[in-house]
Structures are given as structure tokens and as C-alpha cells.
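Each chain is listed here by its residues.
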Amino acid sequence: MDDQHNPQTPVNPSIYSAPFFRGMPTTAVEKATAHLVTRTHPANQVILLENDWGNSVYFILEGWVKIRTYNLDGKEVTLNILGKAEIFGEMAALDEAPRSTDAITLTSTVIGSMPAHDFVALIKTEPLAGIRLSQLMARRLRQVNRRLRLRESDSVSRVADTLLFLAEGQGIQDETGVQIPNLPHRELSGLSGLARETVTRVLTKLEKKGLILRQQQILSIPNLKALERLIM
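Residues numbered from 1 in each chain as written. Predicted model: local features only at pLDDT ≥ 70, side-chain atom pairs only at ≥ 80, totals over all residues. Heavy atoms only, no water.

Student: I tried to follow the pattern of salt bridges on my own but got confused; where do I start?
Tutor: Think of it this way: side chains of opposite charge can pair up when their charged atoms draw near. Evaluation of the coordinates by the stated rule reveals 11 salt bridges. Among the salt bridges present, the one from Arg 68 reaches Asp 102, with a minimum N-O distance of 3.2 Å. In this pair, Arg 68 is assigned in strand β5 (residues 65-70) and Asp 102 in strand β8 (residues 102-105), connecting sequence segments 34 residues apart. Each member of the pair, Arg 68 as well as Asp 102, is classed as buried. With its nearest N and O atoms 3.4 Å apart, the salt bridge here joins Arg 139 to Glu 86. Within this pair, whereas Arg 139 is found in helix α4 (residues 127-149), its partner Glu 86 is found in the loop between β6 (76-82) and β7 (87-88), the two being separated by 53 residues in sequence. (Salt bridge = Lys/Arg side-chain N within 4 Å of Asp/Glu carboxyl O. Helix = DSSP H or I, 4+ residues; strand = E, 2+ residues; numbered from the N terminus. Buried < 20%, exposed > 50% of the residue type's maximum accessible area, 1.4 Å probe, protein only.)

Structure (C-alpha cells):
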């Protein structure tokens, strides 16, 4: 990575309030983040490549990151979209194996990079860190299982589930409902496994029914339960 285009900045104080660290002793968090460096990356920049060695764990401080791989036909498959306070790169750090996916920014993104040995040391010495990591992996496994079960469902169910998936991970509650970023349709297509044209058609249908409200940057879900009822 070119630091001219990815300037290093002082450690962002928001790292200390990341859900992963919540409730841990201040001294443990300070020690774990002593060598953490933050960088600002432009949109569409690859942060990690599949088969890279895992020498860092990454915390998203601002922005969005797509986790992707490729199928046997060389087609891109979106596995996850992560937002503020999420972490990635932890698996390769733990098992000391090459990375199994790519990570690419979707927007201008601020990322904190923690040396893998500091992350592993935290897991070994702070019980709550191990619990948080287990919870993270369990949540992601449940999400994958749910999406796999819906692969044979109709397009409305799959788009609705994709929006709920994003709301669960990154939704912000306000007076209009739960807000999530209004991602490009190609990204929702990758997550849902549907053609982009199909995603566009379903979103238009959901908007006409008042189940979603779209602005330039934000998509609002007024009633999560109503959207859940569409999933068959």
C-alpha cells in the first residue's frame, strides 16, 4: 500500500469504544493498541488479497469494506459487507495461514491496523477478548447459514433478507426507522446472489409499498418486522 495515497494518522480514539473492546480493562486495550496505525483509504481500494499472509488485524473506524472471493468460474462472490466498528483479518492472524478472501473498500474508509501478534496476545491474556471473538464468529456463521437457506427462495425474500442482514450488522435507529447505507445495486446483487436488474426491480417494489425509503446515501427501513414477514 502506498502511504502517499493512504496517509497514516494518529490512532483514532474511536478505536477504544469499538464493541470488541467494550468492557475490557483500559490497560489491556491500551497495550493491545499500542502499535495500531490508522490509514485513510479511497473507495475501491484493495486492502487484502486472498493468499496474502495474515500479519495484521483490521478495525473499521469509518466507511465500508466488502469481503469477496471468486467461484470456480472466476465470478466474484460477495461474502460480507462490513461497516464501522467491525473487524476483519482475524482468522489468518489466529491460524497463521494465508488469507482466504479479498477485502476492498466501498467508500472512503478509515482503518486501524493492529499487528497480528498484539491481537493474539490480547486473546491469550484477556478472557473477554476470547468471548467477543467467539461471538463474532458465531454471528457470522449464523448469517451465512441463513443466506444459504434462502438461496432457493424467491427474489423478494432474498433482497429483504439482504437488507435485514445489513440492518442487523450496521443499522442505526432513528425516528424514521433503521438506517443503512444505500449501497450500489451491484453490491446488493453480490450479497443476494441475484442479477442487478432483479435487485433494482425488487427495491422499487419495496419502496412503492413503503417498506423502505431511499435517499442518496441512506436507505431507511421503517418497520423491520414488516420486512421480515416477506421472507418465505
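Continuing now.
Student: Teacher, can you tell me more about the UniProt feature "domain: HTH crp-type" (unreviewed entry) in the protein chain here?
Tutor: The residues that UniProt annotates with the feature "domain: HTH crp-type" (unreviewed entry) are residues 153-225. In the segment residues 153-225, helix accounts for 53% and strand for 19%; the C-alpha atoms at its two ends are 19 Å apart. (UniProt positions renumbered as here; feature names shortened; annotations may be inferred.)

Student: Looking at this structure, how should I read empty space enclosed by the protein?
Tutor: In this approach a probe as big as a water molecule rolls over the atoms, and the regions it shows empty are the leftover space. One pass over the structure, following the stated rule, counts 2 cavities of 30 Å³ or more. In this structure, the largest cavity occupies an estimated 80 Å³ of space. Surrounding the largest cavity, Arg 147, Leu 150, Arg 151, Arg 158, Asp 161, Thr 162, Phe 165, Leu 191 and Ser 192 form its lining. Contributing elements (two or more residues each) for the lining of the largest cavity: α5 (155-170) and α6 (185-192). The greatest single-element share of the lining of the largest cavity, amounting to 4 residues, is contributed by α5. Looking at the second largest cavity, its volume works out to about 60 Å³. Around the second largest cavity, the lining residues are Asn 80, Ile 81, Leu 82, Glu 86, Arg 139, Arg 140, Gln 143, Phe 165, Leu 166, Gly 169 and Gln 170. At the level of secondary structure, the elements contributing two or more residues to the lining of the second largest cavity comprise β6, α4 and α5. In terms of residue count, α5 provides more of the lining of the second largest cavity than any other element does, 4 residues in total. (1 Å grid on protein atoms, 1.4 Å probe; cavity = no way out; pocket = protein on both sides within 12 Å on 5 of 7 lines; lining within 4 Å. Points joined across faces, edges and corners; volume = space filled by probe spheres on them.)

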